[in-house]
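Now for the letters of each chain:
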Amino acid sequence: MENKQIPKATAKRLPLYYRYLKYLFTSGKKKVSSADLSEAVKIDSATIRRDFSYFGALGKRGYGYDVEDLMNFFSRQLNQEQLTNVALVGVGHIGRALLNYNFQGQNSIRISAGFDVKEDLVNSILEGVPIYHIDELEEQVKAQQFEVAIIAVPGDYSQDITDRLVEAGIKGIMNFTPMRLSVPDSVRILNIDLSNELQSLIYFVQYSDSILDDDKV
């Protein structure tokens, strides 16, 4: 995918395609059509074909897509062959839930270090992950060559932690705080606000008849 630009929406759908193709492969499925994929992942087939077209000719007219070939292709695009170690900053309720989950079933992603200020957590091992004092953040980020971090700290501390992570070399941040963080253009932020998402869902349920789909706006 060198020098190739794709829409952000397409990039966000790639893990969904890969996960279903992996399921098909383990089920013994040899080929799949865009219509089959559409039914499974609930994305219209025209969008799927358009997404795939950014990567060249991935299928054959009249045949569809070879499941193993397509799965391996998206595996390479998503860097599934290489383990990505992730730093977790904040080992409170959300942090502990993330440690407990630790991307089970994803062989290419692992939380491998946690950071906190609580004395009963520092220098302990939780779910197989060592917990360091927050004062060691920059040192460990550089030493372990982290590029991605998860922030699950109180909102008042989130920008300061973000600044420290960026200074240490972090290139991507998953933000579980309600704050919107300021970062350089070279750093990617993904905001996960559970309260906001739940409120949006409740609104959609209450006013579903008046909500337009994104592709109709």
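Residues numbered from 1 in each chain as written. Predicted model: local features only at pLDDT ≥ 70, side-chain atom pairs only at ≥ 80, totals over all residues. Heavy atoms only, no water.

What about the overall build of the protein chain?
On a plain count of helices and strands, the protein chain comes out with 8 helices and 9 strands. With the C-alpha coordinates aligned to their principal axes, the bounding extent of the protein chain is approximately 60 × 45 × 35 Å. Residues counted as buried form 36% of the 217 residues belonging to the protein chain. In the protein chain, once contacts between residues fewer than 6 apart in sequence are set aside, the share between residues at least 24 apart is 54%. Across the protein chain, 24 positive and 29 negative side-chain charges occur, with their mean positions spaced 10 Å apart. (Helix = DSSP H or I, 4+ residues; strand = E, 2+ residues; numbered from the N terminus. Buried < 20%, exposed > 50% of the residue type's maximum accessible area, 1.4 Å probe, protein only. Contact = heavy atoms within 4.5 Å. Lys, Arg positive; Asp, Glu negative; His and termini not counted. Charge placed at Lys NZ, Arg CZ, Asp CG, Glu CD.)

Thoughts on the sheet that holds strand β4 (residues 109-116)
Reading across the sheet, the 7 strands line up as β5-β6-β4-β3-β7-β8-β9 and stay open at both edges, with mixed pairing between neighbours. Edge positions in the sheet fall to β5 (125-126) and β9 (188-191), since each of these pairs with one other strand and no more. Looking at chain direction, β5 and strand β6 (residues 129-133) are connected through 2 bridges and run antiparallel. Residue pairing for β6: Ile125 is matched across the bridge by Pro130. Docked against the sheet, helix α5 (residues 93-101) engages β3 (84-89), β4, β5, β6 and β7 (148-151), running at close to 155° with respect to β3. (Pairing = 2+ DSSP bridges. Axes fitted to C-alpha atoms, helices over the stretch in contact; angles between N-to-C directions.)

Regarding the confidence of the model for the protein chain
Overall, the predicted model of the protein chain reaches an average pLDDT of 87, with 91% of residues at or above 70. When mean pLDDT is compared element by element in the protein chain, β7 scores highest at 97, while helix α8 (residues 194-206) scores lowest at 84. (pLDDT = per-residue confidence, 0-100.)

Focus on a nonpolar patch on the surface
A cluster of nonpolar side chains, namely Leu198, Leu201, Ile202 and Val205, defines an oily patch on the protein surface of about 380 Å² accessible area. Considering the arrangement of structural elements, one finds Ile202 in helix α8. (Patch = residues over 30% accessible without salt bridge, like charges linked within 9 Å, V, L, I, M, F, W, Y side chains within 5 Å. Areas by Shrake-Rupley, 256 points an atom, 1.4 Å probe, with all protein chains shown as cover. Salt bridge = Lys/Arg side-chain N within 4 Å of Asp/Glu carboxyl O.)

So, the pattern of salt bridges
One side chain can pair with another of opposite charge once the charged atoms of both are near each other. Applying the stated criterion across every chain, the model contains 5 salt bridges. As a salt-bridge pair, Arg164 and Glu138 come within 2.7 Å of each other at their nearest N and O atoms. Here Glu138 lies in helix α6 (residues 137-143) and Arg164 lies in helix α7 (residues 155-168), a separation of 26 residues in the sequence. When its relative accessible area of 24% is taken as the criterion, Glu138 is described as partly exposed.

Section: the nonpolar core
If you look at the biggest cluster of nonpolar residues, it comprises 19 residues, and the most contacted ones within it are Val89, Phe115 and Leu165. Those elements that provide at least two residues to this core are β3, β4, α6, β7 and α7. When residues of this core are assigned to their parent elements, the largest contribution, 3 residues, is made by α7. Once residues within four sequence positions are removed from consideration, Leu165 is found in contact with Val89, Leu137, Val141, Ala149, Ile151, Ile170 and Ile173. Residues Leu14, Leu21, Leu37 and Met71 belong to the second largest nonpolar core, which totals 18 residues. (Core = buried A, V, L, I, M, F, W, Y, C linked by side-chain atoms within 4.5 Å.)

Some thoughts on unusual backbone geometry
For Asn123, which is not a glycine, the phi torsion comes out positive at approximately 70°. Structurally, Asn123 can be placed in the loop between β4 and β5. Positioned with a positive phi, Glu127 is a non-glycine residue whose angle comes to about 50°.

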